[in-house]
Amino acid sequence: MAEPLIEVDGLTVTFPSEHGHILRAVDDVTLQIAEGEVLGLVGESGCGKTTIAKCLAGRVVPSAGHVRFDGRELSVRRTTEDRRAIQIVFQDPYSSLNPRLSVRHVLGELLRVHRLVPQDEIEARLRELMGLVGLPKGALDGLPSQFSGGQRQRIAIARALTVEPRVILADEPVSALDVSVQATILRLFEDLRSRLGLTVVFISHNLAVVRHLSDRVAVMYLGRIVEQGDREAVFSDPRHPYTRALLAAAPRLHQVELVRSVVKGEPPSPINVPAGCSFHPRCPRAEDKCTRDRPALEPVGGCPAHLTACHFRDETSAEQAP
Amino acid sequence: MTPLLEVEGLVVEMRRHRAVFRAVDGVSFALERGGALAIVGESGCGKSITLRAIMGLLPNRGRLRSGRVIVDGTTLPADARGRGRGHHQRRRMSIVFQDALSALNPVATVGNQIAEAPRYVLGLGRRAARARAIELLGLVGIPDPDRRYHAYPHELSGGTRQRVMIAIALSSDPAILLCDEPTTALDVTIQTQILALLAELRSERGLSLVFVTHDLGVVSQVAEAVAVMYTGRFVETGPTAEVLAAPRHPYTRGLLAAALDVDSPEHEPVAIPGSLPDPLRLAGGCSFQPRCEFATGQCLTTDVRLQLVGPGHAAACLHSDVLAACQAAGHHG
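Attention in this report is confined to the structure presented alongside it. (Residues numbered from 1 in each chain as written. Chains lettered and ligands numbered in written order. Predicted model: local features only at pLDDT ≥ 70, side-chain atom pairs only at ≥ 80, totals over all residues.)

What follows is about the overall build of chain A. If you tally the helices and strands in chain A, you get ten helices and twelve strands. A globule of 322 residues ought to have a C-alpha radius of gyration of about 20 Å, and chain A, at 21 Å, matches this closely. A principal-axis box enclosing the C-alpha atoms of chain A has dimensions of 70 × 50 × 45 Å. When each of the 322 residues of chain A is scored for burial, the buried share is 46%. Pairs at least 24 residues apart make up 63% of the contacts formed inside chain A by residues separated by at least 6 positions. (Helix = DSSP H or I, 4+ residues; strand = E, 2+ residues; numbered from the N terminus. Rg over C-alpha atoms; globule rule 2.2 N^0.38 Å. Buried ≥ 20, exposed ≤ 12 C-beta atoms within 10 Å, placed from the backbone. Contact = placed C-beta atoms within 7 Å.)

Here's what the structure looks like:
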């Protein structure tokens, strides 16, 4: 991998919880993201994927660890340039846009505040942005309520692009959209990445979407990355039992039989993380040592492009089948 | 043998501002004892309203214009709040909603909420109702039911809340379970568990299921029959495997082409052009015609209803034979 654009090192985020407990949303996460790549961050609700994105964007202050961007350490108080460089697109385009402001107002304000283009070129730039996200110029004068879900998400993406970011953090950007329009938004991300060379962190619980779009994938469970690697390595040869369970449970168009649920129970509370491997209470492969020793995120078969945090990472799924 | 549930020509009108539109426009189907039907469609297609109309729980701005719901040969009154003839047949049906947190009473323990129907509908005593509630908590797979009886909804996880919803639905001993996207708000590993529970209830208690979802991926897991809904109508119905493998309505075909599948990352999803029409401005002819690649002039004027295209397989499209030909020639998506 070339020099990474973003380096996350030992990132930990804790929140105070009821009765003096501490909630570990993100627990010692180390991650590199190369310039121009799409990193898929997968996991179920509450696993910490959104918190990581918020840390990268500077919206949440980490309790420990560092975030380096373009070779520099990002401090808690970011410069305007650093904030511009990393932008978020949220899940729900119905609540992330101000209903009282026209598209022109929102985007125009950004251009003026950040002095991105001279006053007389603002209109041209606004039109260019609309073109970039595949909306007609007339959309500039609309209010969010006049647009469909897919169009609103395009507006939200245009807003992120207005400040010329280098990284887009897309937090479940197609989850609130109907299937028939999801494809157009995914296409838009592919398109933006190839045209603008954007780096994308794509957060989703939907494995099909992540497999489609990502170059590399990181799977999270209870605040930790349990498996990480090139897309095909992770999807065609998953080594963590949790990744396997997620894959088995993913909805499929042509499934004849009911999926037998592979994992028992529900994720434990991040306030009270199990000792040892945090997945062991639900894991079909767990042994005694899993309740004591927490496995580190290490290469599978010595391959640095595929890391797994499991004591049995070198067993293939055939070997693990009962 | 008469089917357990028959829905005939259901038409629901909804008010929006001053205007009235048809949210459900002539939906009919029959469900055998122990059978399951999945109704699939995108937001606003009328799938949830269909379920509510069957249950007699239409919102205030909705009205059942025509159509009948027949359970075991008895026609139900249009409104569940009524007390007319056939009212007791309504108890043969229960509904499970998508958002368990807002469907549950936040200030009552889940045990009391489950015990309510056994006590006041089935007429059990206090103790018997409580025992029944604990039994149901166990049945839906909640560990430690004695203790969980006293829990409040906010103390439970999303998956457990949905199990409580199912327990409440089962508490009146229904023959039919109407499910409105019961797993949409849940994580996939929990979704699998809930779907397995529903399958178990079907096979062990002979429960019939009407399952509304927007996710084509879960359809084949829950039901052997599927109905695809668009602008208030069923546009294609048939055996699930056949409809998904060889769709005969362009909308079904479009949905399949737009969907992503974990197993085929090379499949490039293709969106359906255009967007859902405004239900207040539906023109005559086929409502999918403006977005349809197969549309011809005829589609503008002909009001197509479901027509059989194979055994148990129907599509509301003038060009369903063209789709079959495309399928045969191997032009997918």
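Let us keep going from here.
Before going further, it helps to spend a moment on the overall build of chain B. Across its full length, chain B carries twelve helices and twelve strands. A compact globule built from 333 residues would reach a C-alpha radius of gyration of about 20 Å, and chain B, at 21 Å, matches this within 12%. When the backbone C-alpha atoms are referred to their principal axes, chain B occupies close to 65 × 50 × 45 Å. Burial status across chain B gives 48% buried among its 333 residues. Counting contacts in chain B only where the partners sit at least 6 residues apart, residues at least 24 apart contribute 62% of the total.

Our focus in this paragraph is the sheet that holds strand β12 (residues 313-315) of chain B. Residues and elements named next belong to chain B. Spatial strand order, β6-β7-β8-β3-β9-β10-β12-β11: eight strands in an open sheet with mixed pairing. Strands with a single pairing partner mark the edges of an open sheet, and in this sheet they are β6 (93-96) and β11 (307-310). Across the sheet, the mean angle separating the axes of adjacent strands is 25 degrees when strand polarity is ignored. Of the strand pairs in this sheet, strand β10 (residues 233-239) and β12 are connected by two bridges, and their pairing is antiparallel. Across the sheet, residue Thr 237 finds its bridge partner in β12, namely Ala 314. (Pairing = 2+ DSSP bridges. Axes fitted to C-alpha atoms, helices over the stretch in contact; angles between N-to-C directions.)

Residues and elements named next belong to chain A. Not every positive phi belongs to a glycine, and Arg 115 is a case in point at roughly 45 degrees. Here Arg 115 is to be found in the loop between α3 (103-113) and α4 (122-132). Phi at Glu 172 takes a positive value of approximately 50 degrees, unusual for a residue other than glycine. Among the secondary structure elements, Glu 172 is positioned in the loop between β7 (167-171) and α6 (179-196).

At the interface, 38 residues of chain B touch 32 residues of chain A. Counting residues per element, the side of chain B that touches chain A draws most heavily on helix α7 (residues 188-205) of chain B, at nine residues. Of the residues in the side of chain B that touches chain A, the class split is 20 nonpolar, 13 polar and five charged. (Nonpolar A, V, L, I, M, F, W, Y, C, P; charged D, E, K, R; others polar.)

Residue and element names in this part refer to chain B. Taking burial as the measure, the nine residues of helix α1 (residues 47-55) include seven buried ones, the bulk of the element. All buried positions along α1 are accounted for by Lys 47, Ile 49, Thr 50, Leu 51, Arg 52, Ala 53 and Ile 54. Once α1 ends, the next one or two residues include Gly 56, with phi positive near 75 degrees.

A separate point is the sheet that holds strand β2 (residues 19-31) of chain B. Residues and elements named next belong to chain B. Within the open sheet, the four strands sit side by side as β2-β1-β4-β5. Their pairing is antiparallel. Unpaired on one side and paired on the other, β2 and β5 (74-75) mark the two borders of the sheet. When strand β4 (residues 62-71) meets β5, the two strands line up antiparallel, connected through two bridges. Looking across to β5, one finds that Val 71 is bridged to Thr 74.

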